[in-house]
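Residue strings, one per chain:
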Amino acid sequence: MAASRGRLRGRMAMDTRSGRPSLIRPCDVAKDLAVSRTWVYDAANAGRIPSIRIGGEDGPLRFVPEDIDRWIDEARKAWRPGSGSVATQQAQ
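In short, a report on the structure. (Residues numbered from 1 in each chain as written. Predicted model: local features only at pLDDT ≥ 70, side-chain atom pairs only at ≥ 80, totals over all residues. Heavy atoms only, no water.)

**Notes on the pattern of salt bridges**
Evaluated as defined, the whole model comprises one salt bridge. Asp67 is the partner of Arg70 in a salt bridge, and the nearest nitrogen-oxygen pair spans 3.0 Å. Residue Arg70 and its partner Asp67 are both found in helix H4 (residues 65-78); the two are separated by three residues, about one turn of the helix. Under the relative-accessibility criterion, Asp67 is labelled partly exposed at 25%. (Salt bridge = Lys/Arg side-chain N within 4 Å of Asp/Glu carboxyl O. Helix = DSSP H or I, 4+ residues; strand = E, 2+ residues; numbered from the N terminus. Buried < 20%, exposed > 50% of the residue type's maximum accessible area, 1.4 Å probe, protein only.)

**Digging into unusual backbone geometry**
A positive phi angle is found at Ala34, which is not glycine, with a value near 60°. By the element assignment, Ala34 lies in the loop between helix H2 (26-33) and helix H3 (37-46).

**Regarding the packing of H2 against H3**
At a closest axis distance of 8 Å, the pairing of H2 and H3 adopts a crossing angle of 110°. In terms of axis orientation, H2 runs roughly perpendicular to H3. Residues Pro26, Cys27, Val29 and Ala30 of H2 form the contact with H3, whose own contacting residues are Arg37, Val40 and Tyr41. Of the residues assigned to the contact of H2 with H3, the class counts are six nonpolar, no polar and one charged. (Axes fitted to C-alpha atoms, helices over the stretch in contact; angles between N-to-C directions. Parallel < 35°, antiparallel > 145°, perpendicular 65-115°, else oblique. Contact = heavy atoms within 4.5 Å. Nonpolar A, V, L, I, M, F, W, Y, C, P; charged D, E, K, R; others polar.)

**What to know about the packing of aromatic side chains**
Summed over all chains, the structure comprises one aromatic pair. An angle of 45° between the planes, with centres 6.5 Å apart, marks the rings of Trp39 and Trp71 as tilted. With a gap of 32 residues between them, Trp39 in helix H3 and Trp71 in helix H4 connect regions that are remote in the sequence. In this structure Trp39 comes out as partly exposed when scored by relative accessible area, which is 31%. Exposure remark for Trp71: the relative accessible area of 9% places this residue in the buried category. (Phe/Tyr/Trp six-rings, centres within 6.5 Å; stacked < 30°, edge-to-face > 60°.)

All we've got here are geometric facts, nothing functional implied.
Printed below as a string of structure tokens:
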């Protein structure tokens, strides 16, 4: 997972006009996490992975690299040997 995290952080170029971090697309998150794009959309819609919609509910789905890194770190901290997989977030 460390390789994925490095790739996500590598995409964090700052937008020179806004001073905000650049956002990443669902296909990039899917590739970096080695999951399908459908899984990324489903997880985002269920609130299991941090994401934003630009312009409201019907807008394009995007991700902030720092949020994804934090999400991965939290999942790793919650995992205990022998406990199986850990839910990363609960839908609210």
